[in-house]
Amino acid sequence: MSGELQDKVIIVTGAASGIGLASAKRIAAAGAKLIASDISEDAGHSLVKDIRDQGGEATFVRADIGVEADVARLVDATVATYGRLDGAFNNAGIVQCGKPLHELTTDEWDRALRIDLTGVFWCIKYEVLAMLKTGGGAIVNTASSLGQVAIANASEYVAAKHGVMGLTRAAAADYGALGVRVNAILPGIIETPVIESLSQNEQFAAFLVKLRDRHPIGRFGQPAEIGEAATWLLSPAASFVNGATVPVDGGYLAI
Ligand SMILES: NC(=O)c1ccc[n+]([C@@H]2O[C@H](COP(=O)([O-])OP(=O)(O)OC[C@H]3O[C@@H](n4cnc5c(N)ncnc54)[C@H](O)[C@@H]3O)[C@@H](O)[C@H]2O)c1
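What counts and how
Residues numbered from 1 in each chain as written. Predicted model: local features only at pLDDT ≥ 70, side-chain atom pairs only at ≥ 80, totals over all residues. Heavy atoms only, no water. Helix = DSSP H or I, 4+ residues; strand = E, 2+ residues; numbered from the N terminus. Buried < 20%, exposed > 50% of the residue type's maximum accessible area, 1.4 Å probe, protein only. Contact = heavy atoms within 4.5 Å. Salt bridge = Lys/Arg side-chain N within 4 Å of Asp/Glu carboxyl O. Pairing = 2+ DSSP bridges. Near = heavy atom within 4 Å. Polar contact = N/O pair within 3.5 Å; in protein donor to acceptor, adjacent residues only side chain to side chain. Areas by Shrake-Rupley, 256 points an atom, 1.4 Å probe, with all protein chains shown as cover.

Chemist: Outline the environment of Asp 70, supporting the account with residue identities and numerical values.
Modeler: Note on placement: Asp 70 falls in helix H3 (residues 68-82). Residue classification places Asp 70 among the buried positions, given a relative accessible area of 14%. For the pair Asp 70 and Ala 150, spaced 80 residues apart in sequence, the C-alpha to C-alpha distance is 31 Å. Excluding anything up to four places from it in sequence, Asp 70 contacts Arg 62, Ala 63 and Asp 64.

Next comes the structure, spelled out in structure tokens:
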């Protein structure tokens, strides 16, 4: 395999499903040495087998991004396996929503923030430490349209994703001059297993119908469409893109 990420060592978190799965395949097809990471081991191993069967290079490392020691171990394992770290797509997350703010417990709030925001902080921290040893790299975080605007009954998710936007810009300011670019992608609604399972709820299904009209392109997105944007942002073709928060949302944020 050869392509725009030839021989780059790249971590993808949340690689076992949805956006992460499609992106991991695209990144490996672009020639990267992929470290696929997730809490879901069977699906992670099966992704790695598929990539290797097609002539690509990939390794699975289990890591819960809500546990700092796991994130540190993920980066250590990457450097131990491939000798360096060039890029990371910090994509793992949970879509926790469904309650108005006053009904949220502190435990629910903490869980959402720990995985969707603090997990991204730990990823950036340990990735940057590794990248600085070899001259730099590129980091892409998955935020959301809800990193820029809100919907009802999702305050913990909206707050976490707004945080990912701020963290992306702050990290871009800290490390741009040191050769590490940090950007974020803001997906609109993407047809992934998490959206499929939320749709089992009648209220959410009705809400999704309304949300479709909010996507001017007239449909929801596919995971591979986020994979294209992630691959570009990770690649040298995006060499002057730093601190950008890029909507890939069919126009959701445009109207
Ligand atoms: N699907 C959408 O419409 C949409 C829209 C905007 C943003 N996003 C964001 O995109 C990212 C991926 O979502 P998706 O739709 O592909 O969901 P998904 O549920 O299909 O995939 C998420 C993956 O992350 C993994 N994961 C969950 N918690 C983890 C943890 N603590 N540590 C490591 N891995 C963990 C899951 O096992 C799963 O494989 C998330 O950050 C989500 O917030 C999704």
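Chemist: How would you summarise the pattern of salt bridges if you had to cite specific residues and measurements?
Modeler: Applying the stated criterion to the full structure yields nine salt bridges. In this structure, Arg 73 engages Asp 70 in a salt bridge whose closest nitrogen and oxygen atoms are separated by 3.7 Å. With a gap of three residues between them, Arg 73 and Asp 70 both fall in helix H3, about one helical turn apart. The class of Arg 73 is partly exposed, set by a relative accessible area of 40%. For Glu 108, the salt bridge goes to Lys 99, with nearest N and O atoms at 2.7 Å. Because the salt bridges share partners, they merge into one network encompassing Glu 41, Arg 62, Asp 70 and Arg 73.

Chemist: Report on the pairing of strand S4 (residues 87-90), specifying residues and quantitative values.
Modeler: Of the two faces of S4, the one carrying Gly 87 and Phe 89 and the one carrying Ala 88 and Asn 90 are both buried. Of the strand pairs in this sheet, strand S1 (residues 9-13) and S4 are connected by three bridges, and their pairing is parallel. Each residue of the ladder has a partner; that of Ile 11, found in S4, is Ala 88. In this sheet, strand S5 (residues 137-142) lies alongside S4 in parallel orientation, the contact comprising four bridges. Residue Phe 89 lies in a different strand from S5, and its bridge partner there is Val 140.

Chemist: So, the site of the ligand: which residues are in play, and what are the values?
Modeler: Around the ligand lies a shell of 29 residues, among which Ser 17, Asp 38, Tyr 157, Ile 190 and Thr 192 are the nearest. Residue Tyr 157 places a side-chain N or O atom 2.7 Å away from an oxygen atom belonging to the ligand. Measuring from an oxygen atom of the ligand, one finds a side-chain N or O atom of Thr 192 at 2.6 Å. If the ligand stood free it would expose 820 Å²; the protein chains cover 92% of that surface. Contributing elements (two or more residues each) for the shell around the ligand: helix H1 (18-29), helix H5 (155-175) and helix H6 (193-198). Looking at which element gives the most residues to the shell around the ligand, the answer is H6, with three residues.

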